[in-house]
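# Fold and geometry: a report
Residue-level listing of the chains:
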Amino acid sequence: MSHLSLYRKFRPETFGQIVRQEHVVRILTNQIEKNAVGHAYLFTGPRGTGKTSIARIFARAVNCEHPVNGSPCGACPTCRAFASGSLDIAEIDAASNNGVAEMRDLREKVQYPPVSGRYKVYIVDEVHMLTDSAFNALLKTLEEPPAHAIFILATTEPQKIPATILSRCMRLDFKLLPEEDLEKHLRSILDAIGKEYEDEAVAAIARAGAGSDRDMLSIAEACIVYSEKLTYETACAVLGAADFHETAKLVRAMLTSDMPTALSLCEGILAEGKSVGVLLKDILNLLSEVTVAKTCKNAERLLALPHELYATVKEIADAAPEESILRATEIFIKTENELRFVSSPRISLEAALMRVAYPSADLSADALLVRIHALEGKLAALSACPPAPATEPVRSESPVPAKDPVPAKDLGEQDNYEFPMEEPVFEEAYFSDGPAFAPKKQSSPQPQREQISRPSVAAETKKETPMSEVRPSVRPSAPPAGPVGTDADAVYAKFMRALRTTARNGVLFTVCSDLLVHFEGEKLVFETTSDTILGILARDANRRTMTDVLAGIGISDFEVRRRTAEEKSARDALTELKQNFKDYPIEIK
Ligand SMILES: [Zn+2]
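### Considerations on the overall build of the protein chain
A count of helical and extended segments in the protein chain gives 29 helices and eight strands. Expressed as a percentage of its 589 residues, the buried residues of the protein chain come to 36%. Taking as baseline every contact in the protein chain between residues at least 6 positions apart, the subset at least 24 positions apart corresponds to 75%.

### Some points on the nonpolar core
If you look at the biggest cluster of nonpolar residues, it comprises 43 residues, and the most contacted ones within it are F58, V121, V124, I152 and L153. Among the secondary structure elements, those contributing two or more residues to this core are α2 (22-33), β1 (40-44), α3 (51-63), β2 (89-93), α5 (100-109), β3 (120-125), α6 (132-143) and β4 (149-155). If one sorts the elements of this core by residue count, α3 sits on top with seven residues. Look past the residues within four positions of L153 in its chain and what remains in contact with it is Y41, L42, V124, V127 and C169. If you look at the next biggest cluster of nonpolar residues, it comprises 36 residues, including L250, L263, I269 and V356.

### Overview of the sheet that holds strand β6 (residues 516-520)
An order of β6-β7-β8 is seen for the three strands of this open sheet, with the pairing classed as mixed. The outermost strands of the open sheet, each flanked by one partner alone, are β6 and β8 (558-562). Ignoring strand direction, the axes of neighbouring strands in this sheet form an average angle of 25°. Here β6 runs beside strand β7 (residues 523-528); their pairing, made up of five bridges, is antiparallel.

### With respect to the pairing of β8
Within β8, only zero of the five residues are buried, leaving the element largely exposed. Here five bridges tie β7 to β8, and the two strands are oriented parallel to one another. Within the sheet, the bridge partner assigned to F526 lies in β8 and is V560.

### Re helix α9 (residues 199-209)
Across the eleven residues of α9, ten count as buried, placing the element largely inside the fold. Here the buried face of α9 lies against α8 (179-193), α10 (213-226) and α11 (232-239). Downstream of α9 by a residue or two, A210 has a phi angle that is positive, lying close to 50°.

### Let's talk about the confidence of the model for the protein chain
Of the residues in the protein chain, 75% reach a pLDDT of 70 or more, and the chain-wide mean stands at 78. In the predicted structure, residues 390-484 sits below a pLDDT of 50 and forms 140 contacts with residues beyond four places in sequence or in another chain.

### Focus on the packing of α9 against α11
Between α9 and α11, the shortest axis-to-axis distance is 7 Å and the interhelical angle comes to 25°. Relative to α11, α9 is oriented roughly parallel. Of the two elements, α9 crosses α11, and the hand of that crossing is left-handed. Within the contact between the two elements, α9 uses E200, A201, A204, I205 and A208 and α11 uses Y232, T234, A235, C236 and L239. By residue class, the composition of the contact of α9 with α11 is eight nonpolar, one polar and one charged.

Cut-offs applied
- Residues numbered from 1 in each chain as written.
- Predicted model: local features only at pLDDT ≥ 70, side-chain atom pairs only at ≥ 80, totals over all residues.
- Helix = DSSP H or I, 4+ residues; strand = E, 2+ residues; numbered from the N terminus.
- Buried ≥ 20, exposed ≤ 12 C-beta atoms within 10 Å, placed from the backbone.
- Contact = placed C-beta atoms within 7 Å.
- Core = buried A, V, L, I, M, F, W, Y, C linked by C-beta atoms within 7 Å.
- Pairing = 2+ DSSP bridges.
- Axes fitted to C-alpha atoms, helices over the stretch in contact; angles between N-to-C directions.
- pLDDT = per-residue confidence, 0-100.
- Parallel < 35°, antiparallel > 145°, perpendicular 65-115°, else oblique.
- Left-handed = near helix turned anticlockwise from the far one by under 90°.
- Nonpolar A, V, L, I, M, F, W, Y, C, P; charged D, E, K, R; others polar.

Shown next, in the form of C-alpha cells:
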C-alpha cells in the first residue's frame, strides 16, 4: 500500500470538514442550494488554506443529485462515480502547463458535454503562472463559456492575474488559519490515527504552520515518524529549535548588554550547525514571546509553552523594559529582511546583537529612549541606596561613613571630583597609603601613580572594534605604581595589537578589549567585573594564547582578576550621568 501524506489522507470531503473559510463556504453552498452557480471563480489566498480542497468539494457538489447542506451527498450515482475519478472534473497545474497550446486544448475539450454529471469543472491551480498568450486563450473561453462549464482558477498571487480575467471571475479570498483552528484540526487527526501527544507539542507545530494547514500537517508528519509519542522536545527537534535554552540565554545576554556572553553563545549555536537565518528566526520568535509575556495578562495561556519554558520567557520579560524589547524586535526584523542582500550574514547577525546590546552606539529615537530609561533606573538606584556594601573584608574596615553627603557644588565645579562610591577595591597595601575614600585630590600621595585607564587602547582599536568605543570608559583612580617608566596603557595597547594579529578567535579579542589593566611590581594585572569574561579567559586555549602573546611583548608574569560589580555599576552610572548631562549640576542625595 502506498504511503499517503496526512494532508491527502485527511483531505476534507464535505464543506463541513473545512477548517475556517466560512465566508467562502457560505457563498458557495448558498449558490448550490439556490441552483445559481457561476461560470468562473477566482480563489486567492496563501498556500495550504484550502483552495484546492474547496474547489474539489464544490465540483462534486454542483454535480450531486441531492446535495446535503450544499455538500455532495456521497451516496447518489454521480457522487459514487466521482469517488473513483471522473472525466468531468479536470485539474490543470498551470505551473507545468502554462502554454498557449494547453489553453487551446482546454478550449476545444470544454465544448463536449459532461459524461456523468451536469457540469464539467476545470480547476486551474497556480493560474498566475500562465503566459500572456495562454491567458488570452483562456480569456476567449471565459468570454463565451458553454452552459455546462465551470472554471475555478486558484492562485497565491492575484496581483499577477490580468484585469480582463479578473473581471470575469467571482473572486473569493481565503484567509490564513488561526493557530487555535490549526491546533484543533491537528488534534482531531492525531486522535483519529491514535497517536499520543502533548498539548505543547501540538501548539508548537500549529505555530510553525504559520496559518497554513498543509504546512502544519507536513511538519506534523515528520514529528509523528520521529518518535513513539509526540512530545514538545520531538516537535522542537524536528523544527530545528532544540536549543531553546541557548537562544534564551543569548537573548537575555543581549538585552542586558552582556556582549561577551552574547557573542560567545552566538558562536556556540552557529558552531553546532544552525544557520544564521534559523538563529535569527529563533531570536525573533523568542522576542515575540517575551513581548507577549511582558504585555499580556493571560500570556501563559496565549503562549502555550511548557511551564518551565514560560518561566524563562517571563524572567527575560521582567528584566527588560518594553522599549528595549520593542527596539530589539525591530532591529532583528530589519536584519532578517536585509539578510538576503548581504555577503556575510553572520556579521549582520553580530552587528544586530551589538546594536541591541549597546543603544549608546545608536542615535535613533528608540535607542535614546532605552538609554533614558536605563539612566532613570540608575539614578533611582543611586538615590535610593547608601554607598555600596562591602564585598571584600578590607572594604569593611575602611573608614567610610554610611552616608557621605556630597555637596552639590563639588559635582558641578570639579570635573575630577570622584564620588566616594566609585573608589575601586584594591589590595590591602594600597589602602595603607592613606585615606582611601576621599576626594581624589587629597588621596594622591603618590604623584607617580598610574591610571588604570585605557584611552590609548580605545584610540588604537577604535576602527576595528566598535565595541571599545561604545562602552562608557571607566577610569578608576590610581592603583600602586608598576616598575618606574612602565606604562600599563602602552603595554595593554601593544598586547591588543599583537592579539589582533595572532588570535583567530574574535571572542577573545572582544573580551580582552574590555579589561582594566595595571602593574603590580613586574606583574601585569587584568581586571574584569564579569564572571563570564573571567570564565572565558580561564579556558586553556585562551590562557595559552594570552601567555604567548604577552611573552611576545616581553611580559612573563600576568594575572586575571575579578573586580566587584557594585563598584563598577555605581561608577558607570555616575560617569554616564555626568557625560550625558554635562551642563547640569547633579546632586546625589
Ligand atoms: Zn450526491
